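Per-entry structural report
One-letter residues, chain by chain:
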Amino acid sequence: MRLFALVLPWAFACAGAAPVVVSAPPPDPITLQGRVTFDVRSATPRGVSARREERIAAYVPVRALRENGEAIGETLTDADGRFTLETTSDAVRLAVIAELSHEGHELMVTTDNRGETPHVGLWQLEAQEPGSLRVHLSDDDPIAGAMHILQTMFRGSHAVREWTGRELPPFFCYWSRGITTNWSFYSGEVGETGRYRIELLGGEPNARSTTDTDEHDESIILHEFGHFVMDRLSSSSSHGGSHPRGVLIDPGLAWEEGRATWFAATVMQNGWYQDTVGVEPYGELRVHHDVERGIPRDLRGFGSEAGVAEILYDLSDGAPGGPRDLDDDGVTLGPGGVLQAMIEMAQEPGAFPNMRSFLRFLIRTNRATEAQLRHILLIGSHPVELLESDDEWPITLPLGTPVSGKIDGLSRPAPSGGPPRPQNGIDAVAVYRFELREAATVELRLTIDGTGTGQDHSDLDLQLRDIRSDAIAASQGETPTEVISQRLEPGFYIVYVRDGGRGNRAGFRLESRAY
């Protein structure tokens, strides 16, 4: 388009006459047409690729701006990233905003953790021949990363709609390069706004080539988005915390992390879960999980995050429109069938699912037979004890009846195999569930076999949570007795006895009463 300079002509006055001021003509109406695209990088063994590929920015706002930043026209791109914008000839740049509102999908990528300021990319309008504008957002600018996150979240939201017909509440991602350096995680609802948030790593300041930034890791984006999906549509069995590979962790944490990975791999339909650090050739591929074929030499069994993802993937693949079945596992519930089973299981009283209870739910609801599930476990090198074991998790805690157990976050190797994991290893956390039928004060008393101090490695903690694992109360001192007394409404509750430090091993007795 042609840019018009505004010139204020002035006339020379006749002798004794006031000067005549002539106003500039109003700007002409014009129509801008174009297409918005952005850069994407893919995973390589040495970090995300130096090479960039071009993707389209669908359903995002495009605004025409005056020199002073005033908006003088706005439109949305279509499914192909194309737009037609009615504006005026004093438009000097276009703004592309990292937000999306389309058919019930409400998504945004913001520069603040309250979700109030979306990323914006500015495109300068130059004098040019008439025709279609190519508005390309370069990965040299953070707007390209924000747009990739946005479009990836939209892909996940659209998949949920396709699988279940359900709408998700408004959602945003807080991310920016060199600013979000803590970790990538789902943090739930922001206050009582009805809006939900994830935070993604943006890498250390001025060190993008060598540090962890997740805007191009589609697996990570969809994994965190998957936590949001499960939280809103089904249940939560996780007390949180980090979850390294190669160890057996608390089964509730393994369930939540594994099914978030399943969600990511299934939405992408390629069976891979990958996490890069840095940009090639200076980076690395930190996680490279073939969810269809499994990770060689990884620990399998109850508490295996990787095992959860792989089993769920085998239950899903082979259905029309879903990921391909490459190992002929014989079960085809489809992604929607698996997610719908999770949704229905969450409606059962006291639901606090894990991989074992989910498999049994599939059998109980005639979605799969025991023989079919046994076949999936065998071809995936998962122990059939996932079906055969009678061990209860969470363990029922009858109020008024003492129970005993042992915590071990110290032994090397851990009793279940692999290195000890004090923070949330399957050996370092004991989980109990009780039902309160009427409002009462519940007292929980943990008596530790030892001093209860870290000095002699007998420091154990006591935690009380609701059925969605949200914290209610805790006793986390270094004494031989930990006590919680809490007034509670009727419902189901979860009690954790866990390693209270960097490695403890002690027996315990847990007493409870309601009054």
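Basis of the calculations
Residues numbered from 1 in each chain as written. Predicted model: local features only at pLDDT ≥ 70, side-chain atom pairs only at ≥ 80, totals over all residues. Heavy atoms only, no water. Axes fitted to C-alpha atoms, helices over the stretch in contact; angles between N-to-C directions. Helix = DSSP H or I, 4+ residues; strand = E, 2+ residues; numbered from the N terminus. Parallel < 35°, antiparallel > 145°, perpendicular 65-115°, else oblique. Contact = heavy atoms within 4.5 Å. Nonpolar A, V, L, I, M, F, W, Y, C, P; charged D, E, K, R; others polar. Phe/Tyr/Trp six-rings, centres within 6.5 Å; stacked < 30°, edge-to-face > 60°. Buried < 20%, exposed > 50% of the residue type's maximum accessible area, 1.4 Å probe, protein only. Pairing = 2+ DSSP bridges. Salt bridge = Lys/Arg side-chain N within 4 Å of Asp/Glu carboxyl O. Expected span 1.5 Å × (residues − 1). Core = buried A, V, L, I, M, F, W, Y, C linked by side-chain atoms within 4.5 Å. pLDDT = per-residue confidence, 0-100. Polar contact = N/O pair within 3.5 Å; in protein donor to acceptor, adjacent residues only side chain to side chain.

All right, on to the packing of helix α2 (residues 218-233) against helix α5 (residues 334-345) then. How two helices pack is summed up by the angle between their axes together with the distance between the axes. Their axes nearest at 9 Å, the elements α2 and α5 cross at an angle of 45 degrees. Considering the angle they form, α2 stands oblique to α5. Each of V229, M230 and L233 in α2 lies in contact with α5, whose residues at this interface are L339, M342 and I343. Partitioned by chemical class, the residues of the contact of α2 with α5 number 6 nonpolar, no polar and no charged.

The tally for this structure, following the rule as stated, stands at 13 aromatic pairs. Consider the rings of F171 and F228, whose centres lie 4.3 Å apart with planes at 25 degrees: the pair is stacked. Pair noted here: F171 is in strand β13 (residues 171-174) and F228 is in helix α2, with a separation of 57 residues, a long-range link. Classification of F171 by relative accessible area gives buried; the value is 2%.

With that settled, the discussion passes to the pairing of strand β20 (residues 429-436). Among the 8 residues that make up β20, 7 are buried, leaving the element largely enclosed by the rest of the structure. Across 2 bridges, strand β18 (residues 395-396) lies against β20 in parallel orientation. Bridge assignment links T396 to a residue of β20, and that residue is R433. Sheet analysis places β20 next to strand β25 (residues 491-499), joined by 8 bridges and oriented antiparallel. Note on β25: the bridge partner recorded for R433 is I494.

Applying the stated criterion to the full structure yields 32 salt bridges. Of the charged contacts, one joins E215 and R208 as a salt bridge, the two residues approaching to 3.3 Å between their closest N and O atoms. Residue E215 is classed as buried on the basis of its relative accessible area of 1%. As a salt-bridge pair, E511 and R509 come within 3.9 Å of each other at their nearest N and O atoms. A relative accessible area of 30% places E511 in the partly exposed class. Within the structure, one salt-bridge network assembled from shared partners comprises R41, D139, R177, R208 and E215.

Our focus in this paragraph is the sheet that holds strand β8 (residues 93-97). Spatially, β6-β5-β8-β11 is the arrangement adopted by the 4 strands of the open sheet, whose pairing is antiparallel. One side of each edge strand has no neighbouring strand; the edge strands of this open sheet are β6 (71-76) and β11 (120-124). The sheet shows a mean angle of 25 degrees between the axes of neighbouring strands, taken without regard to direction. Here 5 bridges tie β8 to β11, and the two strands are oriented antiparallel to one another. Its bridge partner lying in β11, A95 is registered against L122.

Further remarks concern helix α3 (residues 251-268). Between its first and last C-alpha, α3 extends 26 Å over 18 residues, near the 26 Å set by a 1.5 Å rise per residue. By the criterion of burial, α3 is predominantly enclosed, with 18 of the 18 residues buried. Q269, located one to two residues past α3, shows a positive phi value of around 60 degrees.

The next thing to look at is the nonpolar core. One broad trend across soluble globular proteins is that nonpolar side chains are buried collectively. Counting 92 residues, the largest nonpolar core has L94, M153, L312, L315, F358 and L359 as its most contacted members. For this core, the leading source of residues is helix α1 (residues 142-164), giving 10 residues. In this view, L312 contacts W255, R259, W262, V338, M342, M355 and F358; residues no more than four positions away in its chain are not counted. Membership of the second largest hydrophobic core comes to 24 residues, among which are L446, I484, V495 and A506.

If you walk across this open sheet you meet the 5 strands as β9-β10-β13-β15-β14, and the pairing is mixed. Taken across any chain shown, the strands that pair with only one partner, and hence form the sheet edges, are β9 (99-102) and β14 (185-189). Across this sheet, the average inter-strand angle for adjacent strands is 15 degrees, counted without regard to direction. With 4 bridges connecting them, β14 and strand β15 (residues 196-199) associate as antiparallel partners. When the sheet's bridge partners are listed, Y186 is paired in β15 with I198. Strand contacts of α1: β9, β10 (105-110), β13 and β15, with the helix running at about 155 degrees to β10, the strand carrying the most contacts.

Below, the discussion takes up the confidence of the model for the chain. Model confidence for the chain is summarised by a mean pLDDT of 92, while 95% of its residues fall at 70 or above. When the criterion is pLDDT under 50, residues 1-15 qualifies, and its contacts beyond four places in sequence or with other chains add up to 22 contacts.

Let us look at helix α6 (residues 355-364). All of the buried residues along α6 are M355, R356, F358, L359, F361 and L362. The inward-facing, buried residues of α6 abut α3, α4 (305-316), α5, α7 (370-379) and α8 (385-388). Sitting at the amino-terminal end of α6 is N354, which places a side-chain oxygen 2.9 Å from the backbone nitrogen of R356. Just past α6, the residue N366 takes up positive phi, approximately 60 degrees.

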